[in-house]
Amino acid sequence: MLSFAIVCLLAQQIDQGALEKAMAADAAAKAATAPATTPGSTPAAAAGTPIPGVTPAAEGAPADATPGGGSWAAQQGARAPGGSLLNPALSFILDGSFGYYGAHTGDFAALGLPAAGDDPSVSRQGFALQEIELAAQSAIDPYFEGAIFLTIPNLEGLEVEEAYLVTTSLPLNLQIKAGTFRSQFGRNNTQHLHVQFFTRRPLMTALLFGEDGLRGPGAQVSVLLPLPWFATLYVESFSLTPPDDLAGVATFGGGVRLTPNNLTYTTELEQFFELAESHSLLVGLNFATGRSVDCPTAVACGPAPVEGPRSYFYGADVYYKWKPANVAQSYVSFQWTTEFYERTLADGGPTVGAGYSEAVVQIDRRFFLGGRFDLTGLPSGLDVPRRYGGAGSLTFTPSEFSRLRLYVQELGGPSVAATTVGFLQVEYAMGAHGAHPF
Amino acid sequence: MRLGSKVTGLILAAALLFGARSASAKLRVVATIETLADLCRQVGGDRIDVTSLSHGYQDPHFVEAKPSLVLTINRADALVYVGLDLEIGWLPPLVQQSRNVRIQRGQPGNIDASTGIKVEDVPNIPADQLRALGDIHPLGNPHYWIPPKNARGIARVLAQRFSELDVAGTAAYQAGLAAFEHRLDAKEKEWDKAATPLHGLHVVTYHKSWSYVAEWLQMQEVGYIEPKPGIPPTANHTAQLIELMRKSNVKLVIVESFYPSSLARFVAENGHARLVSAPSDVGAAPGIKTYFELVDAVIAAFVSGQ
């Protein structure tokens, strides 16, 4: 992996555009010194020579001071008025909530459903700071962009949700991401809390992906495939650690993190189809394999890392969006997401599955109505019981930087009492936060 | 070692094959809005292929960052954008996902059109207070492409940058720029004459996106239907605005054709003004295919409305 990355980095040093430009400039210089010039040619053909009538801005001149400074060098010299020269784009995002998990203590616990790390804490109902995120994003140099996302979930310690660099200039449509980051596996797993239209993550997250989702230290290589439509293939490798709670089966995190045999490997194929100007379809196929942590059934868990059975994790995600190109006319749009995954343990181990389907309708410029149906335990098995969830959310966005959300979820399943959870969520963002992908 | 050299050589060769543009091929240019795409055509003529990422009937703040646009950017030799954070909500992830080194920031193919104009409305307040003014653009007002002096500045930037990217075409880009400026000089006189009745006219606009045009046509902006940029109108603000319009003798309420006109019509009727739904980009209406047709349509709309 490392040698491949180095080779790619070496390869990117040769910029074909620059090569052609230099060759053309050389040819133009020779032509300019020749006794006779070709009709129609001009010595101004040399690279960087100003065109008559164009006055390049002085180096370092502000963008608003000298109109007409058109050269590339002038653009590099221009800087934003009052901009912080070398600071990354910094932002803080806060999700606060007020609510409860069931009218009676133990209602939610009886369901046997763990909460995701950035769900409102089960042990701190009432007022809660569901998550505080600090993000720093910046270009590192001409070859990399970097991002760091620190979070404090439920006021319980500082976590590194993601910290990675991404290449920007590899050849062959390749891109490498390295650091600790969310796997490209699935759709919800790639998203931070504030991107979502629901207060709690889908039930499958904590059961199959892990409490904090499928994320960790690793590396990713992706390629934009040379096809007429958008198709990107991702290959990732992670060193995952066992979860804090060793009582159940965790899909990954078993074994020694250093050993290639114990690393977690994933691959995803993401394809986009523009069905019409207003209709978009994004389809993902996902596969992962690694060592599970299977304390109750496979091996005894001790303080030392143990190698659980090989786990296979696979499924698909579908995202459909209808949004008129001129959404400002009506402010009505619709999006629908469905994901379903299964996990199979090696050597005839059980297969369990879970998924969800959710729809969000923009009913006005600032109002979004959402509904989600969760299904876990299809098939059911150890630690993934059959449970149902129906959730509704109403989101009000005073501006692009704040949201208020009312969220209600009914949870139940065979032979357990149904319970209702409900939250009023407030979210705001300060600072410059990068735009999110489709 | 020998195997490593071969692998490196293969990757270099493949990089040249996949990433290169042959000497005879056209410059592939991607512009974020249709007006910039047309200005590229005016300057680049037959030497370039131009694609616009958005349509003139869309709000350029909120273009959908569809992955299909990643493919378009992936193949581009140059990316021309409005800048001043107009496209900040959708362009950066597309550029990062494109894996195209030629158009990344800092590369010659990354062309910020705003470097060709004098930026107005740069907020002069502390950064931590900016958002209290709404979804304001901290680098200045990005709705600058309609006035002729700004189109001229943009065209000069394009000619310069295309020449740097395609040295062999410098003479052609010079010729394209000269032809554009020649026509622009003539049209500017025509527009100035046609817009004479607009001088001194008091106007209200939906969004603060007509300031450059108002300055060019010597119109005076009295207020905005949005209480603050990007913030939907409120009843209180609307009532105050109507009162202000009556006192200030506002003649026109200008709204981009992509915004809903119902509230603007209410404001115009109650403020004793006329509503003008004006195009703000090439492609806003089927008959507006060039920059010149866009400005023709804007002037005609304003003059017929006053």
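Structure shown above.
Every value quoted in this text rests on a predicted model; they were computed, and no experiment measured them. (Residues numbered from 1 in each chain as written. Chains lettered and ligands numbered in written order. Predicted model: local features only at pLDDT ≥ 70, side-chain atom pairs only at ≥ 80, totals over all residues. Heavy atoms only, no water.)

(A) Inspection of the overall build of chain B at higher detail. A tally of helices and strands in chain B yields ten helices and eight strands. Classification of the 306 residues of chain B by burial places 57% in the buried group. Within chain B, contacts between residues at least 6 apart in sequence are counted, and of these 64% link residues at least 24 apart. Surface summary for chain B: the accessible area is close to 12,000 Å², and the carbon and sulfur share equals 56%. The averaged location of the 30 negative side-chain charges in chain B is 5 Å from the averaged location of its 30 positive side-chain charges. (Helix = DSSP H or I, 4+ residues; strand = E, 2+ residues; numbered from the N terminus. Buried < 20%, exposed > 50% of the residue type's maximum accessible area, 1.4 Å probe, protein only. Contact = heavy atoms within 4.5 Å. Areas by Shrake-Rupley, 256 points an atom, 1.4 Å probe, with all protein chains shown as cover. Lys, Arg positive; Asp, Glu negative; His and termini not counted. Charge placed at Lys NZ, Arg CZ, Asp CG, Glu CD.)

(B) Focus on the sheet that holds strand β6 (residues 220-224) of chain B. Residue and element names in this part refer to chain B. Here we have four strands laid out as an open sheet, ordered β6-β5-β7-β8, and parallel in their pairing. Of all strands in the sheet, those bounded by a partner on one side alone are β6 and β8 (274-278). Averaged over all neighbouring strand pairs, the angle between strand axes comes to 30°, with direction disregarded. The sheet contact formed by strand β5 (residues 202-205) and strand β7 (residues 252-256) spans three bridges and is parallel. (Pairing = 2+ DSSP bridges. Axes fitted to C-alpha atoms, helices over the stretch in contact; angles between N-to-C directions.)

(C) Representation of the pattern of salt bridges within the structure. Residues and elements named next belong to chain B. Counted under the stated rule, the structure contains 25 salt bridges over all chains. One salt bridge in this structure joins K187 and E190, with 3.1 Å as the shortest N-O distance. Here K187 and its partner E190 are both found in helix α6 (residues 170-194), three residues apart, which amounts to about one turn of the helix. We classify E190 as partly exposed; its relative accessible area is 44%. Measuring nitrogen to oxygen at the nearest pair gives 3.8 Å for the salt bridge that ties E221 to K208. (Salt bridge = Lys/Arg side-chain N within 4 Å of Asp/Glu carboxyl O.)

(D) Looking closely at a nonpolar patch on the surface. All names here are of chain A. Residues F98, F127, I363, F367, L369, L394, L406, V408 and L424 make up a contiguous nonpolar surface patch of about 840 Å² in total accessible area. Among the secondary structure elements, those contributing two or more residues to the nonpolar patch are β15 (367-376) and β17 (402-413). Note that V408 resides in strand β17. (Patch = residues over 30% accessible without salt bridge, like charges linked within 9 Å, V, L, I, M, F, W, Y side chains within 5 Å.)

(E) Quick look at the packing of helix α2 (residues 34-44) of chain B against α6(B). All names here are of chain B. Across the interface, α2 lies against α6 with an axial gap of 6 Å and an inter-helix angle of 115°. Between α2 and α6, the contacting residues are L39, Q42, V43 and G44 on the first element and A172, Y173, G176, L177 and F180 on the second. Within the contact of α2 with α6, the residues separate by chemical class into six nonpolar, three polar and no charged. (Nonpolar A, V, L, I, M, F, W, Y, C, P; charged D, E, K, R; others polar.)

(F) Spatial organisation of the sheet that holds strand β2 (residues 48-52) of chain B. Residues and elements named next belong to chain B. Strand order in the open sheet made by the four strands is β2-β1-β3-β4, with parallel pairing throughout. Only two strands of the sheet have a single neighbouring strand rather than two, namely β2 and β4 (110-112). Within the sheet, the average angular offset between the axes of one strand and its neighbour, ignoring direction, is 20°. As paired elements, strand β1 (residues 27-31) and strand β3 (residues 78-81) share three bridges and run parallel to each other. Its bridge partner lying in β3, V29 is registered against A78. This element, α2, spans β1, β2 and β3 of the sheet and lies at about 170° to β2.

(G) Fine view of the pairing of strand β5 (residues 174-182) of chain A. Residues and elements named next belong to chain A. Counting buried positions along β5 gives seven out of nine residues, so the element sits mostly inside the fold. As defined by bridge partners, strand β4 (residues 159-167) adjoins β5 across four bridges and the pair is classed as antiparallel. Paired with A163 across the two strands is T180, which belongs to β5. Here β4 folds back onto β5, and the loop between the two strands holds six residues, one of which, L172, carries a positive phi near 60°. Inspection of the sheet shows β5 paired to strand β6 (residues 215-224) by nine bridges, in the antiparallel sense. Counted as the bridge partner of Q175 is S222 from β6.

Worth remembering: the numbers are spatial, not functional.
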